[in-house]
Every structure is written in C-alpha cells, then in structure tokens.
Amino acid sequence: MHGAAPLRIMSNLKSALPAGMPASVTAPVAPVAPQILLPGHRLDFSASASLQLDCGVSLAPFTVAYQTYGELNADKSNAILVCHALTGDQFVAETHPVTGKPGWWEHMVGPGLTLDTDRYCVICVNVLGGCMGSTGPADINPATGEPWGLSFPVITIGDMVRAQLRVIDHLGIESLFCVIGGSMGGMQVLQWAAAYPERVFSAVPIACATRHSAQNIAFHEVGRQAIMADPEWCNGEYQRAGRKPVRGLAVARMAAHITYLSEPALHRKFGRQLQDREQVSYGFDADFQVESYLRHQGSTFVDRFDANSYLYITRAMDYFDMAAEHDGAVVNAFRGTKTRFCLVSFTSDWLFPTPESRAIVHALNAAAANVSFVEISTDKGHDAFLLDEPEFFATLSGFLNGCAEHRGLRTPL
Amino acid sequence: MNVAAITPPVRSRANIRVDLQVIADMVTSGARVLDVGCGDGALLDWLVHNKDVDGRGIEWSQAGVNACVRQGLSVIQGDAETDLHDYPSDAFDYVILSQTLQATFDPKTVLGEVVRIGRRAIVSFPNFGVWHIRLSLLTRGKMPVTDSLDSAWYETPNIHLCTIADFVELCEDLGIVIERSLVLDRWGRPRYLKATGFLANLFGEQGLFVVSKRR
C-alpha cells in the first residue's frame, strides 16, 4: 500500500501500518537537507488516497508534515490551525531545526501567550509544495525516481488547504476552534472559511487579501525571474546537476524582503548609515547598512529554502482570486457562514494594505457575517504580524476569549 | 509580552448610562442587533451579556474599535455613511443609531439605510428645539454649548443638528413609521410627554424613536 511513498528516512516504519490508513509518525521527518531530521509529525498518503489538485492532476502518493503545540481536549474543540506564510513553516514556536533561530511566531504561540498552548492545541502544517517535509518539487517523483523539479504540478491555495484538511481529518477534529494566519496564511484562512465553513468556528485572516494584486504578482515575478536567471538553476533540474541557484534565490528574497518592511521602518533601522566604514568606498561593496542587511537576509534564506518551492508557492499566491472562483463576487464565498471573523491589518503595510482587508469586511457584511476588524497602528510594515505588537495581541486575545465563551471552552485557571 | 495588556477590562455589566439603558430596554432578548457608532461598546456589551443578543457594531474611531474587540465584541472600523449599504435588507432585528445621526454628512441616506437593514431602528439624537437652546440663541445670539452639545461650533462633530419636529417631518418624507417615541431629560431619563408633540420639542433634551420602514 505504501510501497510507493516518497523515499524518506522513515519509509521503513510505514510498512507496519494497516493498508489504506495514512501513516502518522511522530518521529523525525526527512527535510530538504536529508542529513537533518525534522521534529514533528508526518502523514503519508498512498496512491489510493490521492489529492485532487486544481490544475487537474491527481497527486499521489504525497506527504504532509505538521507540528503541534499543546493538547487536544476530550471533545477536540480547542484546536487552532495556524497557516504559515510564503517562506514560513510548521515550526511556529520552537527553535528552528535547520536555522537554529526562534520560532516565527514565538511571541504569539506558547503557554500564557495569545495562542495559549495551555488552553488550545495549536497545529501548523507545512504547505504542499513546501520544503520542510510536505511534498514539494524538491522531493523524488516516485514515477521517475528523480526529483520532481518543474514537473511537479502547480499548487494553489485551495490545494494547500485540501492537504491541511487531511491532517485535520486524521486528527479527528470536526470543527477547528480557529484558523489563523497572516499574508499567504491569511489567504488560506479565507479559503478554509469559504470551502469548509462548518469546520471553522472562528477565522482570523491577518494582513491579506481575497486576491493577489497586480503589484504583488509583479514583485513575485521579479523574484522568480531572479531564480530562473541564475545559471545554477539549470531549468529547474539543479538537484540532478548537483547545483543550487543560491544567488537567484537570495536576490528573490532580498526583493521580497523590501516589500515586507516600510520606508519609515527601514529609515529608523538603517537610515543612510554605512556598514563598518567611515566613508563610501566608491565601489559596489555593501557600503550601506541596508545593503548589508539585505544581503544577509538573502544568504541565510537559501540555507533553509528550496528555489523551486519558491516558484511554486509564489505562483499559488498569484493565482488566488476568491471573486473569480465565486461568480465574480467575494460575498458569494461567505453566504450563510456562521464563522466568527476577525480581520487585522497594519497601517504601514503596503503589500496588503488596509483597503484589502476592508474589502473583505464589506463582503462579509454583505453576507451578514459576524465580523470584527481592527487596523493596528505600526510603522513596521507587512512584517508587523510576525513581531511583538501589544495592541495586536490584546485585540486578538479579546476576540479569542469572546469566541471561547461562545464555544463553551473552559477558561484557564 | 505584557500580560496585563491581554486581560480584558472589567466593567460592571449592571450599569450603563441612563439613556443607553432606555435603549437597551427596548431591545428584545436574543435579537440580532447592529449598533452604528457603538463607541467603546458599553451598550453592545450590556446587550450581549444581559439580553443574549447577536450583537455587532460599527465604530469610526480606531481606539473605540480596538477597545470593543478586546472585550470580545464583534465590531468593525467603519463609517455609517459608506459601510451600511453593504448589508442585506432586514439583516438585523434592531439597528441602533444612538447620538450618531446628527454627526453624519448625510442623515437622510443614513436613516433610509438603517430602516432598510434593520426591521426596526432605534434612533436617538439631541433635540435642538429644547427651550433653553431656543432661549440661548434668542438672548445671546450665539451657538449654544450645553451638557449634551458640549463643543464650540467650530469643533463640534454634530454637523446636522435637528429638532424633534424636524425628525418627525423627515420620517414622514421618507415613509418611515414611528412605532414608539420618548423624550429624555438632561439626565437621560424618560419624560412623560407626547413625544412627537409641541411640548416634547420644547422640553425634551433628547428624542428617542423606534422607527421602521413602511412595508
């Protein structure tokens, strides 16, 4: 049954499982860098449990890697699904196994924090097409024995959510207490609420939109072209060639990183200050601190991210368009919804500016949905959703407490 | 992180402002309620916890919205002028417009919208026809500053003040039925006057009306 599962380090364990059941292994998962064992869980789906993708391909076998924090309660009513952003992963609140850096939402998720792991069970799934254990273009295509590369099918936000649903089904969770995420994670939250409203008690789409704007597609295209222009990319077959397009991927990251910040934040952090020198070098070294910072962002990113994954996941965001999928109006995606929504935007976010969130609010109002909407004042740009923003945490805590009261969840002692 | 910041503010749900209590008493238990211009959410919070309403709010000020959401109320940052037209007709049992109508750019449209999206609307506003305002204008010849209208003319948010008689006339023009009406004194307590009459317009500090669209 599972004989065709990806050739992962744990594949010998799966053969002991009954046929037709997805294998959940709480032992390490093999990531992009096969010598590192990832903590967390994985589910392997066999050829008979294929995933129908929006592009028409039926994907099988495939693997979904996820991580959990906190315990599920007896009636499984306290689960919060965190949806990660473009370059995030399932390691929300622990030291990252590859980079050694703190979890990307360590201010938000943990005992006594806003997503209180003493109270809630927090789940995060590595997106399909990613490179932290879930099936993506860097994995071996079992049909050919070679890495998928560009023969990997194009993934959509809807496909990512369908893969997450498999995990939620596997865990026996009928209704998620909350689905929450920022940026691309917010798109997944909207997709969850639209596609599976009865399984989403509350939804928190943060700093996102119902469709990717032309400007955002344009920035993604710059990133993709940077990767493709790197000769080491080898038309996507760099793994087979034993090479790695690190320069292209680093440039893609640098360009994208600018869009996550704001002009005031960059100015406050770096201004025109020079890096380790008294005066400009009259050359093309990283004279300015901001250059040095971006180069650092680029060079550290390539250690943990796969270039082809970057192409596929940015594409998934570009293709996201809820109105187009619902007869031209976003309201149609949410008619009759009983989900409680809380939208959050940030004043200095120019990648997903407040009017994008407001447009979602208008659509939800038109569906007479239960919706809260706050705009948080900050100069930190799009990245604010990842940072320590007390007002953001306070409003989210209030929203979640209100939802918990309606759900009848016990308050922590 | 600051734990104090995530603790919801404690407020006695037994006591709200007298005029808000009068409105709250008009709302039936379990109703769907939209409070337009809900401020810090005092009325909405009381209704949610004491009358088990499905309550929503719209508030213009971001500080007000954040305070509401922190309490677990469903409130959006928005504007009565631009955001009401999104809602479907009869989406709510009650739409509350407490001390808000006179601060809108286009009260006529706003009034039309609230009776469209609510089966009933509860509207309260300061009565510019009350005797001491008339007297003040007559004797001093200056725009009045009172308990309920406490800003000078150049900084007041109340840009479309009206009298009870004006409101009754606008309702007639718009085909809006006045189902119930009260006048409130300066402390927000109901006065026993026929609320659409000459005396109400002379002695009422506030007008409070339950209105609906003629169907």
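Residues numbered from 1 in each chain as written. Chains lettered and ligands numbered in written order. Predicted model: local features only at pLDDT ≥ 70, side-chain atom pairs only at ≥ 80, totals over all residues.

### Section: the overall build of chain A
The cut-off we apply is this: Numbered from the N terminus, helices here are DSSP runs of H or I no shorter than four residues, and strands are runs of E no shorter than two. To get the radius of gyration, use the C-alpha atoms; to get the globule rule, take the number of residues to the power 0.38 and multiply by 2.2 Å. Three exposure classes are used. Buried residues have 20 or more other C-beta atoms within 10 Å of their own C-beta, exposed residues have 12 or fewer, and partly exposed residues fall in between, all C-beta atoms being placed from the backbone.
Tallying secondary structure elements over chain A gives 12 helices and 15 strands in all. Its C-alpha atoms give chain A a radius of gyration of 21 Å, near enough to 22 Å, the size a compact globule of 413 residues would have. Overall, the C-alpha framework of chain A stretches about 65 × 50 × 45 Å when taken along its three principal axes. Residues counted as buried form 53% of the 413 residues belonging to chain A.

### Observations concerning the overall build of chain B
Quick reminder of the rule: For the purpose of contact definition, each residue receives a C-beta atom placed from its backbone, and two residues are in contact when these atoms lie within 7 Å.
When its secondary structure is counted, chain B shows nine helices and eight strands. For 215 residues, the compact-globule estimate of 2.2 N^0.38 gives 17 Å, and the C-alpha radius of gyration of chain B, at 17 Å, lies within 12% of that figure. For chain B, the spread of C-alpha atoms along the three principal axes comes to 60 × 40 × 30 Å. Across the 215 residues of chain B, 46% fall into the buried class. Within chain B, contacts between residues at least 6 apart in sequence are counted, and of these 64% link residues at least 24 apart.

### Some remarks on the interface of chain B and chain A
Our working rule: Gly falls in the polar group here, along with every residue not listed as nonpolar (Ala, Val, Leu, Ile, Met, Phe, Trp, Tyr, Cys, Pro) or charged (Asp, Glu, Lys, Arg).
Facing the 24 residues of chain B at the interface are 29 residues of chain A. For the side of chain B that touches chain A, the secondary-structure elements that each account for two or more residues are helix H1 (3–6), helix H4 (62–70) and strand S3 (74–77) of chain B. The element best represented in the side of chain B that touches chain A is H4(B), accounting for five residues. Looking at the side of chain B that touches chain A, its residues break down into 13 nonpolar, seven polar and four charged.

### Focus on the packing of helix H2 (residues 157–170) of chain A against helix H3 (residues 184–195) of chain A
All names here are of chain A. To be explicit about the condition: Where helices are involved, their axes are fitted lines through C-alpha atoms of the stretch in contact, as for all axes, and angles between N-to-C directions lie from 0 to 180°. Here the word oblique covers every angle except those under 35 degrees (roughly parallel), over 145 (roughly antiparallel) and from 65 to 115 (roughly perpendicular).
H3 packs onto H2 with a crossing angle of 70° between their chain directions and a minimal axis gap of 9 Å. On the basis of their axis angle, the class for H2 and H3 is roughly perpendicular. Only Met187, Gln188, Gln191, Trp192 and Ala195 of H3 make contact with H2, whose side of the interface consists of Ile157, Gly158, Met160 and Val161. Classifying every residue of the contact of H2 with H3 by side-chain character gives six nonpolar, three polar and no charged.

### Considering the pairing of strand S2 (residues 54–59) of chain B
All names here are of chain B. Just so we agree on the cut-off: Paired strands are those between which DSSP finds at least two bridges. Crossover handedness is defined by viewing with both strands directed away from the observer: a clockwise path from the first strand over the helix to the second marks the crossover as right-handed.
Burial analysis of S2 places five of its six residues in the buried class, which makes it a mostly covered element. Pairing of strand S1 (residues 32–36) with S2 involves five bridges; the strand directions are parallel. The partner of Leu34 across the bridge, within S2, is Arg56. For the segment spanning S1, helix H3 (residues 42–50) and S2, crossover handedness is right-handed. Read as a crossover between parallel neighbours, the route from S2 over H4 to S3 is right-handed.

### Looking at the domain arrangement of chain A
All names here are of chain A. The condition that has to hold: Each domain's extent was defined by an automatic or database domain assignment.
For chain A, the assigned domains read domain 1 (11–212 + 326–407) and domain 2 (215–317). When each unit is reduced to the centre of its C-alpha atoms, the spacing between domain 1 and domain 2 is 25 Å. Contacts between the two partners involve 33 residues from domain 1 and, on the opposite side, 25 residues from domain 2. Elements with a minimum of two residues in the side of domain 1 that touches domain 2: strand S11 (146–147), H2 and H3. When its residues are assigned to classes, the side of domain 1 that touches domain 2 shows 18 nonpolar, 11 polar and four charged.

### Some thoughts on the packing of helix H2 (residues 18–26) of chain B against H3(B)
Residues and elements named next belong to chain B. Applied cut-off: By convention the crossing between two helices is left-handed if the near helix lies anticlockwise of the far one by an angle smaller than a right angle, and right-handed if it lies clockwise.
At a closest axis distance of 10 Å, the pairing of H2 and H3 adopts a crossing angle of 40°. Comparing the axis directions of H2 and H3 gives the class oblique. In this structure, the crossing between H2 and H3 has a hand that is right-handed. Here Leu20, Ile23 and Ala24 of H2 lie close against H3, whose contacting residues are Ala42, Leu43, Trp46 and Leu47.

### What about the nonpolar core?
Residue and element names in this part refer to chain A. Using the following cut-off: Definition of nonpolar core: a set of buried Ala, Val, Leu, Ile, Met, Phe, Trp, Tyr and Cys residues joined via C-beta atoms within 7 Å.
If you look at the biggest cluster of nonpolar residues, it comprises 183 residues, and the most contacted ones within it are Ile80, Val82, Val122 and Leu176. Among the elements that line this core, the one with the most residues is helix H12 (residues 390–407), at eight residues. Val122 has contacts with Thr68, Tyr69, Gly70, Ile80, Val82, Val92, Val109, Leu115 and Thr117, leaving out every residue within four places of it along the chain.

### Focus: the confidence of the model for chain A
Note the following rule: Known as pLDDT, the predictor's per-residue confidence is scaled from 0 to 100.
For chain A, per-residue confidence averages 91 on the pLDDT scale, and residues scoring 70 or more make up 91% of the total. Counted against residues more than four places away or in other chains, residues 1–35 of chain A, with its pLDDT under 50, gives 68 contacts.

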